[in-house]
Amino acid sequence: MDAVRYELIKKDEKTKARRGQLHTPHGTIQTPVFMPVGTQATVKAMKPEDVANLGHEGAGIILSNTYHLYLRPGHELVKEAGGLHKFMNWNGAMLTDSGGFQVFSLGALRKITEEGVAFQSYIDGSRHMFTPERSIEVQNALGADIIMAFDECAPYPATRDYVKKSLERTTRWLVRCKEAHKNTENQSLFGIMQGGMYKDLRKQSAEEIVALDLPGYAIGGLSVGEPKELMYEVLDDCVDYLPENKPRYLMGVGSPDCLFEGVERGIDMFDCVLPTRNARNGSALTSQGPVSIKNAAYARDFSPLDPECDCYVCRNYSKAYLRHLFKSNEILCSMLLTEHNLHFLVHTMEQIRKSIEEDRFSELKKEFFSKYGIK
């Protein structure tokens, strides 16, 4: 039996949205779910126990990064420590990405061949080679519940010929990943659909990866610079190519509008650095839309970030105090804004799940967009 198993609980009556559960070795995850990103074995500015208590139900799953942990501190050290869960004191479920997106984003610092990707470390300039087998070796050592196939993430824009060759290489690499993956009792390997913005190539990619009968599938190569309208258009068909009894993961997407649009199209899992990165830059997600705490208008504003939010930050601190912390370059500002932003998204997903159960997802989306200022 696969280490990770998806259970469909309910479908929305008006859309493709669905409510489910993801059973993992480290707990059952309620879906649709947003996964906070812990790139270097830490969700920046957050303690693991605080991440676990986000929202009202908690964040049961986080994402960590194979490429970064391979370079520092090294997967062998993490394995020696007892695996990533023990190393970082995280008791919930975990997903590691393959490192594919990171090495492909290096541009001139990497070279792609059929064997894999040769790249230069951003830390010390040393040369390395990631192959499908190496990516799986590293992820097996890290020990996450869900591990991702090593894929080639085509840039946007890209020619049809390039994207076709790229997705076909991704399929060949997926076969090698599956053959290299040995720890199937404790870790599940997800395949990644590519195909750029070409719908027929998306279908080809989906057919090729689904034929391998994996425990789950991700949609990669979106949110890479294309207009949101184009992403939604491509996504409309992507989910239809994937099996109903397996989880569907939209990689690197996490703005509130994209979460609603993704769920509406049948997505179960999301991740993004947006809430943590925005927090460090002084931007908060609120029910009335983004708030930049840097603005002088908040210098004497003693109201909470979001009057509708019941997180620890909104119950205890004012915009004026948060602005003071930011202007003073105090670490506490990043900590508080990060906790608020992640609470906001985790709680939003809780509301989405409840709305699907009660057949009012479309109404919740309309209400949320109206308040948030999304047309």
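See above for the structure.
What counts and what doesn't
- Residues numbered from 1 in each chain as written.
- Predicted model: local features only at pLDDT ≥ 70, side-chain atom pairs only at ≥ 80, totals over all residues.
- Heavy atoms only, no water.
- Buried < 20%, exposed > 50% of the residue type's maximum accessible area, 1.4 Å probe, protein only.
- Helix = DSSP H or I, 4+ residues; strand = E, 2+ residues; numbered from the N terminus.
- Contact = heavy atoms within 4.5 Å.
- Salt bridge = Lys/Arg side-chain N within 4 Å of Asp/Glu carboxyl O.
- Pairing = 2+ DSSP bridges.
- Axes fitted to C-alpha atoms, helices over the stretch in contact; angles between N-to-C directions.
- 1 Å grid on protein atoms, 1.4 Å probe; cavity = no way out; pocket = protein on both sides within 12 Å on 5 of 7 lines; lining within 4 Å.
- Points joined across faces, edges and corners; volume = space filled by probe spheres on them.
- Nonpolar A, V, L, I, M, F, W, Y, C, P; charged D, E, K, R; others polar.
- Disulfide = S-S within 2.5 Å.
- Phe/Tyr/Trp six-rings, centres within 6.5 Å; stacked < 30°, edge-to-face > 60°.

*Asks:* Would you mind going over helix 9 (residues 228-238) with me for this structure?
*Replies:* An α-helix turns once every 3.6 residues. As a result, residues three or four positions apart point the same way. Among all positions in helix 9, only Met-231, Tyr-232, Val-234, Leu-235 and Cys-238 are buried. Structurally, helix 9 contributes buried residues whose contacts are with strand 11 (188-193), helix 8 (199-210), strand 12 (216-219), strand 13 (248-250) and helix 10 (256-264).

*Asks:* Can you walk me through the pattern of salt bridges in this structure?
*Replies:* Two side chains carrying opposite charge are able to pair once their charged atoms lie near each other. Following the criterion strictly, the structure yields 29 salt bridges and no others. The residue Lys-228 makes a salt bridge to Asp-257 at a minimum N-O spacing of 2.6 Å. Taken together, the positions of Lys-228 in helix 9 and Asp-257 in helix 10 put the pair 29 residues apart, joining distant regions of the chain. On the basis of relative accessibility, which here comes to 35%, the residue Lys-228 falls in the partly exposed class. Within the structure, one salt-bridge network assembled from shared partners comprises Asp-236, Glu-261, Glu-264, Arg-265 and Lys-365.

*Asks:* Any chance you could explain the pairing of strand 8 (residues 117-120) here in plain terms?
*Replies:* Every other side chain in a regular strand lies on the same face of the sheet, so the side chains alternate between the two faces. Burial of strand 8 is one-sided: the residues Val-117 and Phe-119 facing one way are buried, the residues Ala-118 and Gln-120 facing the other way are not. Two strands pair when backbone bridges link them, and strand 7 (residues 110-112) and strand 8 are joined in this way by three bridges, in the antiparallel orientation. If you follow Lys-111 over to strand 8, its bridge partner there is Ala-118. Hairpin connection from strand 7 to strand 8: four residues lie between these consecutive antiparallel strands. Hairpin connection from strand 8 to strand 9 (residues 127-130): six residues lie between these consecutive antiparallel strands, with Gly-125 at a positive phi of about 80°.

*Asks:* Is there a simple way to explain the sheet that holds strand 2 (residues 18-24) in this structure?
*Replies:* Two modes of strand pairing occur in sheets, parallel and antiparallel, and in both the strands are linked by backbone hydrogen bonds. Strand order in the open sheet formed by three strands is 1-2-3, and the pairing between neighbours is antiparallel. Looking along the sheet, the strands with just one partner apiece sit at the ends: strand 1 (5-11) and strand 3 (27-31). Between one strand and the next, the sheet's axes are offset by a mean angle of 20°, whatever the strand orientation. Against the sheet, helix 14 (residues 331-357) touches strand 1, strand 2 and strand 3, its axis set at about 120° to strand 2.

*Asks:* Where do I start with the layout of surface pockets in this structure?
*Replies:* Gaps left between atoms are located by rolling a probe of water-molecule size over the structure's atoms. As a volume, the largest pocket reaches approximately 720 Å³. Lining the largest pocket are 32 residues, with Phe-101, Gln-102, Gly-252, Asp-271 and Val-273 sitting closest to its centre. Those elements that provide at least two residues to the lining of the largest pocket are strand 5 (61-65), helix 5 (100-104) and helix 11 (274-280). Element by element, the count of residues in the lining of the largest pocket is highest for helix 11, at four residues. Of the residues contributing to the lining of the largest pocket, the split by class is 11 nonpolar, 15 polar and six charged. Put simply, the second largest pocket is a space of about 260 Å³.

*Asks:* In this structure, what is going on with unusual backbone geometry? I would like to understand it.
*Replies:* Negative phi is the rule for most residues except glycine; trans is the rule for most peptide bonds. Backbone torsion omega between Thr-31 and Pro-32 reads 5°, so that peptide bond is classified as cis. For Pro-32, the position within the fold is in the loop between strand 3 and strand 4 (33-35). Note that the residue after Tyr-156, namely Pro-157, is joined by a cis bond; omega there is -5°. With respect to the helices, strands and loops of the structure, Pro-157 is situated in the loop between strand 10 (146-148) and helix 7 (160-180). A positive phi angle, close to 50°, is found at Asp-213, a residue other than glycine. Among the secondary structure elements, Asp-213 is positioned in the loop between helix 8 and strand 12. With a relative accessible area of 56%, Asp-213 lands in the exposed category. Backbone geometry at Asn-329 places phi at a positive 60°, although glycine is not the residue there. Within the element layout of this structure, Asn-329 appears in the loop between helix 13 (319-327) and helix 14.

*Asks:* How do you make sense of the state of the cysteines when you look at a structure like this?
*Replies:* Summed over the entire model, instances satisfying the criterion amount to zero disulfides. Considering cysteine sulfurs only, Cys-238 is the nearest to Cys-153, which forms no disulfide, with 13 Å between them. By relative accessible area, Cys-153 is classed as buried at 14%. No disulfide involves Cys-272; its nearest neighbouring cysteine sulfur is the one of Cys-258, lying 8.3 Å away.

*Asks:* How should the packing of aromatic side chains be read in this particular structure?
*Replies:* The relation between two aromatic rings is expressed through the spacing of the ring centres and the mutual angle of the planes. Evaluated as defined, the whole model comprises 14 aromatic pairs. Each ring, one from Tyr-67 and one from Phe-119, has its centre 5.5 Å from the other, and the planes form 55°; the classification is tilted. Remark: Phe-119 occurs in strand 8 and Tyr-67 occurs in helix 2 (residues 66-71); sequence separation between them is 52 residues. When its relative accessible area of 0% is taken as the criterion, Phe-119 is described as buried. Both rings, one in Phe-344 and one in Phe-368, keep their centres 6.2 Å apart while their planes meet at 45°; by these two values the pair is tilted. A residue pair is termed long-range when its members are at least 10 positions apart, and Phe-344 in helix 14 and Phe-368 in helix 15 (residues 361-372) qualify at 24 residues. When its relative accessible area of 7% is taken as the criterion, Phe-344 is described as buried. Residue classification places Phe-368 among the buried positions, given a relative accessible area of 10%. Following the ring pairs from residue to residue traces out a cluster consisting of Tyr-67, Tyr-70, Phe-119, Tyr-122, Phe-130, Phe-150 and Trp-173.

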